[in-house]
Amino acid sequence: MWTTYRVRWEFVTQLCASVPGDPKMVEKWLGARAPSVRPPHSKSLDEIGAEVIASQMEPEEEQEYTTLVFQRVNGVLAVRMATIKAHLKDCARQLQNYMQGYVKGDATLRVKVANGVYWPPADKDIVTLNGTPFTPILTRDGKPVTEASGVRQKAIHVMTPTGPRSAIKTFEVVENAVIEFPLSILTAPARQVKRGKEILSVPGRPLIHDDDLKQLFLYGGVHGYGGERSEDGGRYAATHEREDA
């Protein structure tokens with residue numbers, strides 16, 4: 001039913017944090033991303049907010065909430081698996097709109113990614129915090145990253161109800177970051193077809209063809225993942241291989 005790929009992203013530009021470190025900002029950040037209808041059995045915003053804050057603090061250690069930060073799981077910087085799927089859905093939408101088009105009666109690439117791409121519930125590259133899956137940020141040689149490489153600042157200009165304002169945006173970055181994770185793609189079962197007097201066995205095919213998966217990663221690697229994409233943040237080179245290959 002599933003074809004699982006092992007995926008590796010090697011970031012060629014800085015991987016930039018995008019989670020607010022200030023607990024007061026977390027509530028607004030979550031509210032801006034809340035769906036108009038809450039799915040059944042989903043976590044409340046308060047529950048998710050508590051999880052985000054917990055992931056930013058080490059036990060018995062106070063944290064100064066001044067920057068956009070990476071979440072921490074067991075002392076290691078990590079990214080939520082849900083953000084990876086959101087990134088792939090966004091890339092699929094852009095490819096569908098501007099390059100591939102679609103065949104009438106066939107599901108679009110974005111729909112295929114939304115409904116046919118998941119990650120295994122238990123895997124060596126996935127850790128959980130309060131039931132939420134994360135994948136650790138690694139160095140080039142595979143060691144978990146426990147501290148950001150540094151903190152960047154930049155001036156930003158925003159429009160408020162009282163007029164334009166200028167501010168300083170501060171965020172953590174990781175240099176030469178790597179993330180590795182599994183992706184399970186829905187796969188049609190093998191079937192038999194009759195051709196003349198012969199009965200042929202046709203192997204199952206993943207919902208998303210390998211060529212489409214390569215295009216997703218090629219586009220996504222330039223589009224960027226994480227924060228500061230408008231300034232080339234989060235660009236990566238991707239490799240992937242089937243686990244049963």
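Structure shown above.
Criteria and thresholds
Residues numbered from 1 in each chain as written. Predicted model: local features only at pLDDT ≥ 70, side-chain atom pairs only at ≥ 80, totals over all residues. Heavy atoms only, no water. Phe/Tyr/Trp six-rings, centres within 6.5 Å; stacked < 30°, edge-to-face > 60°. Helix = DSSP H or I, 4+ residues; strand = E, 2+ residues; numbered from the N terminus. Buried < 20%, exposed > 50% of the residue type's maximum accessible area, 1.4 Å probe, protein only. Polar contact = N/O pair within 3.5 Å; in protein donor to acceptor, adjacent residues only side chain to side chain. Contact = heavy atoms within 4.5 Å. Pairing = 2+ DSSP bridges.

**Q** So what about the packing of aromatic side chains? Which residues, and what values?
**A** By the definition in use, this model includes eight aromatic pairs. Ring centres of Phe11 and Tyr236 lie 5.8 Å apart, and the angle between their planes is 75°; this geometry places the pair in the edge-to-face category. Of this pair, Phe11 sits in strand E1 (residues 2–11) while Tyr236 sits in strand E15 (residues 236–242); the two residues are 225 residues apart in sequence, bridging distant segments of the chain. On the basis of relative accessible area, Phe11 is assigned to the buried category, the value being 1%. With relative accessibility at 5%, the residue Tyr236 sits in the buried group. Among the aromatic residues, those joined into a cluster by ring pairs are Trp9, Phe11, Phe181, Phe217, Tyr225 and Tyr236.

**Q** Report on the side chain of Lys154, specifying residues and quantitative values.
**A** Looking at the element boundaries, Lys154 is found in strand E10 (residues 150–160). Side chain to side chain, Lys154 and Glu228 meet in a polar contact 2.5 Å long. Once residues within four sequence positions are removed from consideration, Lys154 is found in contact with Ala167, Ile168, Lys169, Phe171, Glu228 and Glu231.

**Q** Give me the lowdown on the pairing of E1, citing residues and values where you can.
**A** Across the ten residues of E1, eight count as buried, placing the element largely inside the fold. Taken together, the nine bridges between E1 and strand E12 (residues 178–186) define a ladder with antiparallel strand orientation. Residue pairing for E12: Trp9 is matched across the bridge by Ile179. With seven bridges connecting them, E1 and E15 associate as antiparallel partners. Paired with Glu10 across the strands is Ala237, a residue of E15.

That is the geometry; function is a separate question.
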